[in-house]
Each structure stands twice: as structure tokens, then as C-alpha cells.
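# Survey of secondary and tertiary structure
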Amino acid sequence: MDWLQNPEFLARAQFGFIAMFHIMWPPLTIGLALVLFGMEAAWVKTKNVFYFHQVKFWTKLFLINFGVGVISGIPMEFSFGTNWGPFSTSAGDFMGNILGFETAMAFMLEAGFLGIMLFGWGRVGPKMHLFATGMVAFGSTLSAFWIMVANSWMQTPAGVKLVDGKFAITNWYDAVFNPDLPYGFGHMFTAAIELSLVVMAGVSAYYLLRKRHVDFFRPAFKWAVISLFIVAPLQIFIGDSAGSSLAETQPAKLAAIEAHWHTNKPGEGAPWALLAIPNQKEQKNDWALEIPDGLSMIVTKTMTGKVVGLDHFKPEDQPPVWIPFYAFRVMVAAGVFVAFMAFWTLWMLWRKRERMTAARISENKWLLRGWLLAVPAIYAAVEAGWMTREVGRQPWIVYGMMRTSQGVSNLPADTVLWSLAMYMLFYGVIGVTAFVFAARMIRKGPSFEDPPAAPGQGGKPEHAAAPKHVPFTPPVAPIAPASVSAKLAVKGGQ
């Protein structure tokens, strides 16, 4: 097998595997940080012990995700120097600074306050603890911003020029706020929010199905569903805007995503292939289920708008088609499914003209099972979205300026292959371990412990006497949960 002796392919496979594993964790981590901040703010303001119990329960899931995210992300940093040395040398003036900003400005802020957030209960006052939780949430979001700056620059490089094989910065503002950043960061941030809400809804649905702690998880379920009613359609809108921008910034990627081989003639619309069997060798689709003029309408908002096809580019400059074409459709299908679940749930409540009582929710098992299915669906959407974004950028490591083949280190194929095998084994172990711990935590359920007394106060705090199982109706405006990044989308997806 020739690919086993191809160092470039193996280096890309190794980075891709690490990135795909890593991206599963940061979005939920960062999203839960914002959820926890919102719930803790409600506890500090209202003194309702219900919010404290919510914070303590979701913090356990946050901690598992944070730990695995950090462990799985560290090798990505090292791989820039080991597997992608020429790229690091050429782009180090920009990438080194941006990733340094992420570490010093964001990750250190997040990590510095994490100890107070996890172990500061009863050791610092409630407001100080809330501040620490807010700093963890802010640091996570800031980290996502810098990571997406780096990745977006690789998608649409700006503010630089190549001088003797090195990227020289000509305008820092243009480089940081490059054309892809608003769409890339916005889409990834919203994806993290959506993922966090779906996980909340799915975990809550698990308990409602089993009629366990229904008074505890019913409000969390309602918060998530009401928020998704807004966030899921918003994500679809942002994704559509991001896709349309590709026509200007990365037309080859857009053509690959849509298996659009031939630029449509003036006065004729470009069809949109709902499904297809792409044949890159012959530069055509062997079969396609198409909507006439659909692609022109999606991209240009006109029936006959011009959409550049892959025939506009040399074969060596074309991205692979199969992966971005079907990965994009998996992402869209999962996003539409989540939006459908949110609309279906709220429509049923409106149609019944009844409050979402525990009894009513528990009776509708198909609805709750649908939310359980939404959890793997949203993770599939995140993975598929990353694959669309990164594979669609090929054959460029810096789009239009530096090829992936120019950025890879000159390493023996056997060395890269064995390191890939070791990464797969190691990540498999920590992935299974994290899943076991998360499943155990979910099965155990909330602990309903008393809130800690503030430092210097004896006995139990005043609000500790509140009922431990308070039926609760959330406010009309749900607590905004969520969060962002895949700390990863960025780190390159060589």
C-alpha cells in the first residue's frame, strides 16, 4: 500500500486524527463554563438552592471534558515542530504569536481561575467564586477566538507577504481580522453553544425517560429546548452566510463541497446536487439527484447567478471532493434535525396548551428518545464540519500561498506511522476512560448537597435550609448557556 510509505499522507492523517479526537471536548467544556456561570449567577442573586445543585451537577461533566481536552490538545502543539517544521519556520512570525496569545492571554486565565472554581467553595465568598467561574468562561471563549484567528488566517491569509519563503507581516490588523474570521469564529462559537444545549437536553431527557429527578431535570430540559429554538436556526443562517462567502474567498472549496464540476453559462443557473457520486478522475458526477438552479439560488440568491466550478482550477489545485461533499451534508442534516426537534417540542407544548409537566414529558417517550439521538447527531455535525473546513482547504496549508506538501517535515514514513498507531492507542484509552466516568456520573445523578458557608461564617448558610428538591419554573428568558470553540478547528487540520 503506497500510502503507508507516504510521509505527507501519514503526517496529515496523524494531525487529522488528533484534531478530530480533540474537537469533541472543548466545545462542550467552554459551553458548560458559560452555563455554569449563568446558573451560579442565578444562585448568588436568588439564593435558591436549586441553582446551586444544578451548578454542582454540571460541573462534574465540565471537569471530565476539560481534562480530556487539555490532554488531547497538547500533542497538537508539538506536532507543528515535529511533523510540520517547514510550515512552522515559514509562518512562525504569525502563528507563533497568535498561539502564544492564546496560551498567555486565554488559557492561563482559564487555568488560573479553574482551581478557585472547582475547590473554592466555602474558601472564598459567593461573589468571588462567581467571578472565578466567569473568568473561566471568558478565558475559554477568548481561547477559542485566538485559535480561530490562526485557523481562519490559514483559510484566507491576509496582512502578509512571502519573502524568501517566510511569511512577513505587513498589517497585523488585516492578518488577525482576516476575511474568514467573522464567519469561522461565529460558526464555531454558535456550534459550541448548540452542542452544549443539545447535551443538556439529552442528559435531561435521559432522566425524564426514567422518571428520575424529574423536578431537577425538567427545568434544564426547558432551558435547553427554548434556547435551541433560537440558536439552531441562527446556526443554519450563519452557516449559509459562511458558505456564500466561500464563493469569494475559497471558490475551489465551495465547488468541492457541492461537487460542482462545470461553471454555469451566462443566463443558466447552477443545479444543486442533493446527493451524488462524484468522479474526480473524470471530473463529473456519475449520478446525481439535483435541484435545478438550486446552487445559484443558495450562493448568489439569484436563479442564474454564476458559481465557479472545479473546471476553473487545475486538477492539482482541486480539493478532494468525496469527503467535503458528504461531510457537509452530514453536518447540515444533523443541524436540521436539531432545529426540527426544538420546533417539534415547542409546537407540541403550544398545541396542547399545557405546561411542560413532568408527567406530560415522561409520557412522550418518542420525543425524549429523539433528544437522546440528537446528542450523537450534534457531535457528528461538529466532526463533519471540521472535515469540510479542513479537507476543503487542500492542497493548501495556507490557502493559495503555501501547499501542504511544502509544509510537511522530511520524516521517515515508518516513524510517522508508528507514532500514529501510538496516538490511536493512547487516545482510545483516554476516550473510553472519559466515557466510562461520564456515564457513571450521569447514572449517579445529582447529589443535592448543602451550599457551603461563606468564609468566616459559622453553621449553615441562610439559604441552606431551602428544600433540596424544589419544583421550579424557569424565567421567560432562559439562562444563556453555552460557548464555544473547538479549541481546535484551528489548529490546522493539515
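Residues numbered from 1 in each chain as written. Predicted model: local features only at pLDDT ≥ 70, side-chain atom pairs only at ≥ 80, totals over all residues. Heavy atoms only, no water.

This part is about the overall build of the chain. What the chain contains, in helices and strands, is 15 helices and 6 strands. Here the chain, with 494 residues, has 55% of them falling under the buried criterion. Across the chain, contacts joining residues at least 24 apart in sequence account for 80% of those joining residues at least 6 apart. Here the chain has roughly 21400 Å² of accessible surface; of this, 68% comes from carbon and sulfur atoms. (Helix = DSSP H or I, 4+ residues; strand = E, 2+ residues; numbered from the N terminus. Buried < 20%, exposed > 50% of the residue type's maximum accessible area, 1.4 Å probe, protein only. Contact = heavy atoms within 4.5 Å. Areas by Shrake-Rupley, 256 points an atom, 1.4 Å probe, with all protein chains shown as cover.)

Right, let's get into the nonpolar core. Ranked by internal contacts, the top residues of the largest apolar core, which has 116 residues, are W58, F62, F87, W153 and W371. The greatest single-element share of this core, amounting to 15 residues, is contributed by helix 7 (residues 181–209). Beyond its immediate sequence surroundings of up to four residues, F62 is in contact with T29, L32, A33, L36, L114, M117 and V136. Counting residues in each nonpolar core, the second largest holds 9 residues, with A256, L310, V321 and F325 among its members. (Core = buried A, V, L, I, M, F, W, Y, C linked by side-chain atoms within 4.5 Å.)

It is worth spelling out the pairing of strand 1 (residues 160–163) at this point. Relative to strand 2 (residues 166–169), strand 1 runs antiparallel, the two being bridged by 4 bridges. Bridge pairing links V160 to I169 in strand 2. In textbook terms, the turn of a hairpin is the stretch between consecutive antiparallel strands, and for strand 1 and strand 2 this stretch comprises 2 residues, one of which, D164, has a positive phi near 55°. (Pairing = 2+ DSSP bridges.)

What follows covers the environment of K161. For K161, the location among the structural elements is in strand 1. For K161, a relative accessible area of 48% gives the class partly exposed. Considered as a pair, K161 and N171 are 10 residues apart in the sequence and their alpha carbons are 9.8 Å apart.

Here the focus is the packing of aromatic side chains. On inspection of all chains with the given rule, the structure shows 38 aromatic pairs. Between F221 and W371, the ring centres sit 6.1 Å apart and the planes meet at 85°, which makes this aromatic pair edge-to-face. Of this pair, F221 sits in helix 8 (residues 214–249) while W371 sits in helix 13 (residues 365–391), and the two are 150 residues apart along the sequence. Each member of the pair, F221 as well as W371, is classed as buried. Joined through ring pairs, the aromatic side chains of F50, Y51, F57, W58, Y206, Y207, F216, F217 and W223 make up one cluster. (Phe/Tyr/Trp six-rings, centres within 6.5 Å; stacked < 30°, edge-to-face > 60°.)

Moving on, we come to the side chain of T29. Tracing the chain through its elements places T29 in helix 2 (residues 26–46). A distance of 3.4 Å separates a polar atom in the side chain of T29 from the backbone oxygen of N65. Among residues more than four places away in sequence, those in contact with T29 are F62, N65 and F66. (Polar contact = N/O pair within 3.5 Å; in protein donor to acceptor, adjacent residues only side chain to side chain.)

A negative phi holds for most residues other than glycine; trans holds for most peptide bonds. In this model, Q394 is joined to P395 through a cis peptide bond whose omega is 10°. Along the polypeptide, P395 turns up in the loop between helix 13 and strand 5 (396–398). The residue K47 is not glycine, and still its phi comes out positive at about 60°. With respect to the helices and strands, the residue K47 is situated in the loop between helix 2 and helix 3 (49–82).

In this section: helix 4 (residues 85–119). Compared with the 51 Å implied by 1.5 Å per residue over 35 residues, the 40 Å span of helix 4 between its first and last C-alpha is markedly short. Its axis deflected by about 90° at G92, helix 4 carries its strongest bend there. (Expected span 1.5 Å × (residues − 1). Bend = angle between axes of the 7 residues up to and from the residue.)

With that settled, the discussion passes to helix 2. In this model, helix 2 (21 residues) spans 30 Å end to end at C-alpha, consistent with the 30 Å of a helix rising 1.5 Å per residue. Burial within helix 2 is extensive, with 16 of its 21 residues counted as buried. One or two residues past the end of helix 2 sits K47, with phi positive at roughly 60°.

Residues L274, L275, I277, W287, L289, W322 and I323 make up a contiguous nonpolar surface patch of roughly 630 Å² in combined accessible area. Listed by contribution, the elements that provide at least two residues to the nonpolar patch are strand 3 (272–279), strand 4 (284–291) and helix 11 (322–352). The element that contributes the greatest number of residues to the nonpolar patch is strand 3, accounting for 3 residues. Along the chain, the position of I277 falls in strand 3. (Patch = residues over 30% accessible without salt bridge, like charges linked within 9 Å, V, L, I, M, F, W, Y side chains within 5 Å. Salt bridge = Lys/Arg side-chain N within 4 Å of Asp/Glu carboxyl O.)

The final tally for this structure, using the stated rule, is 8 salt bridges. The residue R393 makes a salt bridge to E390 at a minimum N-O spacing of 2.4 Å. Side by side, R393 and E390 carry an identical accessibility label, which is buried. Several salt bridges share partner residues, and in doing so they unite D180, R389, E390 and R393 into one network.

A word on the packing of helix 3 against helix 7. Packing of helix 3 against helix 7 leaves a shortest axis separation of 13 Å and a crossing angle of 120°. Two packed elements cross with a definite hand, and for helix 3 against helix 7 that hand is right-handed. Each of F57, W58 and L61 in helix 3 lies in contact with helix 7, whose residues at this interface are V199, M200, V203, S204 and Y207. (Axes fitted to C-alpha atoms, helices over the stretch in contact; angles between N-to-C directions. Left-handed = near helix turned anticlockwise from the far one by under 90°.)

Below, the discussion takes up the packing of helix 1 (residues 7–22) against helix 3. Packing of helix 1 against helix 3 leaves a shortest axis separation of 9 Å and a crossing angle of 155°. Taken together, helix 1 and helix 3 sit at an angle that is classed as roughly antiparallel. Helix 1 and helix 3 meet at a crossing whose hand is left-handed. Contacts between helix 1 and helix 3 involve F15, I18, A19, F21 and H22 from the former and V68, G69, S72, G73, P75, M76, S79 and F80 from the latter. Along the lines of polarity and charge, the residues of the contact of helix 1 with helix 3 split into 8 nonpolar, 5 polar and no charged. (Parallel < 35°, antiparallel > 145°, perpendicular 65-115°, else oblique. Nonpolar A, V, L, I, M, F, W, Y, C, P; charged D, E, K, R; others polar.)

Inspection of the secondary structure puts E102 in helix 4. A polar contact of 2.4 Å, which involves the side chain of E102, links it to the side chain of S143.

Okay, the confidence of the model for the chain next. On average, residues of the chain carry a pLDDT of 83, and 88% of them reach 70 or more. In the model of the chain, helix 12 (residues 358–363) stands out as the element of lowest mean pLDDT, 61, in contrast to helix 6 (residues 172–176), which has the highest, 92. The low-confidence segment residues 458–494, where pLDDT is below 50, has 131 contacts with residues more than four positions distant or belonging to other chains. (pLDDT = per-residue confidence, 0-100.)

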